[in-house]
Amino acid sequence: MTAATTLNQVKHVYSTGRTRSVAWRLSQLAGLQQLLEDHTDYIEAALYQDLGKNGFEAWVSEIGQVMAEIKWLRKHTASWAKPQRVRTPLALWPAKSMIEHEPRGTVLVISPWNYPVMLGLSPLAGAVAAGNAVVLKPSEIGTAVESVLAELIPQYMDPHAIRVVTGGPDVVHEMIEAKPDYVFFTGSSKVGSIIATACAERLIEYTLELGGQSPAYVHDDADIDTAAARLVWGKFLNAGQTCVAPNHIYVHEDIADRLTGAIVDEIQSQYGADPAISRDYPRMITVEHATTVADQLNASAGTITHGGTVNTAQHYIAPTVVTDVADDDALMSSEIFGPILPIIPVTGAQDAVDRISRLEDPLAFYLFTESRSVKDYVLPRVVAGGVGINVPLMQLATPHMPFGGVGTSGHGSYHGVWSLRTFSQERAVLDKATTPDTLRLVMHPAPAWANWA
Ligand code: NAD
């Protein structure tokens, strides 16, 4: 069966109204939660096979996150599905005004390989909670997780209204040509622009969750040891293949050496003297991805201060710290999607802000400081999809805040109520009484007193 046929079948199922009831939505969310509970080990094994991600990391950064999202959605779906009564202006009386949260229809979710469970299932959960039918297209690059999702989802969720289609770019385009009602894309900015163009040509609405060079700035009053520990964790989680990982660090020149030393110490304490034998250190997804990152490192004129060991055949790149990195260095030319951490001294907050403003819009910005005035100076001057103060990554680990980019790092957001909003159309419904017929007051002919010239 072609991907377009699958999409058309799902559109037909949506048109029957089957996905709209709150009971259906809640049963799908319960099914997805059950899938995760029943098959935690199986999913973790697939993540290990694709990325060398161990069970602890798989739970903390993927399965546990989706669970939290599903639990939030199960609590709030029923009230979201109810129309919301709002005020009616006097001029429209007598009437009732409602905002209905209509499902978008058939949603195409396209996900990447780096957090394939979280970034596939979290949008899926949001879309079904809002009453949509869904086609999920996982990344074809993480083959183990792709086949686990294709195998398990039909066993736990409505197999007619929720389908998994496997394959690469061809099936994406085939399905967009078949006109889903909404496209939710997570991936690179380059492909995001291709998706946006394909959607725009057909006037399909979409969300883009993209990447970018998310910077960190460590001010001279930061708690250096805590900053180092947290930055090492955020950068080298998933071997640096994290959309919101700190891409590089700007650090106040007065503490640059101390921070660099603390980061090297932390790498050793989190991953041991040889990360290649650490059971906690993941691998690059493919030889090609490892080679791309290794090439970027080789092309850099910076100094490898720590790490630098590469074994592309084993998908291995050691946690690597690079100093003496100029603005036009190869490592600064695009997002580093791997475990290479440039550390760049700056003269202070203003210098950091100036450099950040020359980057494309980042998905995240991380500020390490103990001072209110530094926060007040820096935050209004920096564009970013989200901000972590004294912590990386965790701004997305909550259903109470939107997760999304800005400009080149994405359009739109999700998580919690923002998922329900993204996957719903807010439809205005005005219900006007027929008597008294006050609309006559604005009908032609214009009354004599209006005296139009
Ligand atoms: P990618 O853009 O190469 O692929 C993402 C999806 O798009 C996959 O399902 C793939 O099959 C499909 N695809 C690839 N090329 C396509 C094309 N030409 N036409 C149509 N579809 C195509 O991204 P990736 O390599 O899987 O993931 C890494 C990127 O994703 C990084 O840039 C990272 O920053 C970004 N990312 C963003 C987020 C976020 O939440 N904002 C999360 C994870 C990753």
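Residues numbered from 1 in each chain as written. Predicted model: local features only at pLDDT ≥ 70, side-chain atom pairs only at ≥ 80, totals over all residues.

What follows concerns the sheet that holds strand β2 (residues 95–103). Across the sheet, which stays open at both edges, the 3 strands sit in the order β1-β2-β18 with antiparallel pairing between neighbours. For this open sheet the edge positions go to β1 (84–86) and β18 (424–432), each flanked by a neighbour on one side alone. Direction aside, the axes of adjacent strands within the sheet are offset by 30° on average. Summarising the sheet, β1 and β2 pair through 3 bridges and their orientation is antiparallel. When the bridges of β2 are listed, valine 86 appears paired with serine 97. (Pairing = 2+ DSSP bridges. Helix = DSSP H or I, 4+ residues; strand = E, 2+ residues; numbered from the N terminus. Axes fitted to C-alpha atoms, helices over the stretch in contact; angles between N-to-C directions.)

Further remarks concern the nonpolar core. If you look at the biggest cluster of nonpolar residues, it comprises 123 residues, and the most contacted ones within it are Ala125, Val134, Met175 and Val183. Ranked by the residues each element gives to this core, the list is headed by helix α5 (residues 118–129), at 8 residues. When sequence neighbours within four positions are dropped, the list of residues in contact with valine 134 reads Val107, Val109, Leu124, Ala127, Val128 and Ile162. (Core = buried A, V, L, I, M, F, W, Y, C linked by C-beta atoms within 7 Å. Buried ≥ 20, exposed ≤ 12 C-beta atoms within 10 Å, placed from the backbone. Contact = placed C-beta atoms within 7 Å.)

Closest axis-to-axis distance for the helix α2 (residues 22–38)/α5 pair is 8 Å, and the angle between their directions is 160°. Compared by their axis directions, α2 and α5 come out roughly antiparallel. Seen from above, α2 lies across α5 with left-handed handedness. Between α2, through Arg25, Gln28, Leu29 and Leu32, and α5, the contact on the second element is made entirely by Leu121, Ala125, Val128 and Ala129. (Parallel < 35°, antiparallel > 145°, perpendicular 65-115°, else oblique. Left-handed = near helix turned anticlockwise from the far one by under 90°.)

The next thing to look at is the pairing of strand β13 (residues 320–323). Bridge analysis of strand β10 (residues 303–306) against β13 gives 3 bridges, and the strand direction is antiparallel. Within β13, the residue paired with threonine 303 across the bridge is threonine 323. Bridge count between β13 and strand β14 (residues 340–346): 3 bridges; the pairing is parallel. In the strand pairing of β14, valine 322 is matched with proline 342.

Before going further, it helps to spend a moment on the sheet that holds strand β5 (residues 162–164). Hydrogen bonds between backbone groups are what pair the strands of a sheet, and the pairing can be parallel or antiparallel. One open sheet holds the 6 strands; their spatial order is β5-β4-β3-β6-β7-β17, and the pairing between them is mixed. Only two strands of the sheet have a single partner each, and these edge strands are β5 and β17 (410–411). Strand direction decides the pairing type here: strand β6 (residues 182–186) and strand β7 (residues 205–209), joined by 5 bridges, are parallel. Across the sheet, residue valine 183 finds its bridge partner in β7, namely tyrosine 206. Across the face of the sheet, helix α8 (residues 189–201) comes into contact with β6 and β7 while running at roughly 175° to β7.

With that settled, the discussion passes to the UniProt feature "domain: Aldehyde dehydrogenase" (unreviewed entry) in the protein. On the UniProt side, "domain: Aldehyde dehydrogenase" (unreviewed entry) is annotated at positions that read residues 18–429 here. Across residues 18–429, helical content stands at 41% and strand content at 19%; the span's end C-alpha atoms are separated by 22 Å. (UniProt positions renumbered as here; feature names shortened; annotations may be inferred.)

Moving on, we get to the site of the ligand. Near the ligand there are 28 residues, and of these Pro112, Gly187, Val191, Gly211 and Cys243 occur at the shortest range. Going through the elements one at a time, α7 (169–177) and α8 are the ones with two or more residues in the shell around the ligand. Residue composition of the shell around the ligand, grouped by class: 13 nonpolar, 11 polar and 4 charged. (Near = placed C-beta within 6 Å. Nonpolar A, V, L, I, M, F, W, Y, C, P; charged D, E, K, R; others polar.)

This brings us to the confidence of the model for the protein. On average, the protein scores 97 in pLDDT, and the residues at 70 or more come to 100%. In the model output, the complex is listed with pTM 0.97 alongside ipTM 0.98. (pLDDT = per-residue confidence, 0-100.)

A few words now on the environment of glycine 261. Here glycine 261 lies in helix α10 (residues 256–271). Its 14 C-beta neighbours within 10 Å are what place glycine 261 among the partly exposed residues. Distance from glycine 261 to histidine 306, taken between C-alpha atoms, is 9.7 Å for residues 45 residues apart in sequence.

What follows deals with the pairing of strand β9 (residues 248–252). Within β9, 5 of the 5 residues are buried, which leaves it mostly tucked inside the rest of the structure. The side-chain alternation of β9 yields two buried faces, one formed by His248, Tyr250 and His252 and the other by Ile249 and Val251. For the handedness criterion, the β-α-β arrangement of strand β8 (residues 215–218), helix α9 (residues 224–236) and β9 is classed as right-handed. Here 4 bridges tie β9 to β14, and the two strands are oriented parallel to one another. Looking at β14, one finds that tyrosine 250 is bridged to isoleucine 344. (Right-handed = clockwise from strand over helix to strand, strands pointing away.)

Given a rise of 1.5 Å per residue, 13 residues ought to cover 18 Å, and the 18 Å separating the end C-alpha atoms of helix α1 (residues 3–15) matches this to within 8%. The complete set of buried residues in α1 reads Ala3, Leu7, Val10 and Tyr14. With its buried residues spanning 60° around the axis, α1 presents them on a single face. Across from the buried face of α1, at angles greater than 90 degrees, the exposed residues are Thr5 and Ser15. As for α1, its buried residues are in contact with β3 (106–110), β4 (133–137), β5 and α7. (Expected span 1.5 Å × (residues − 1). Arc of directions from axis to C-beta.)

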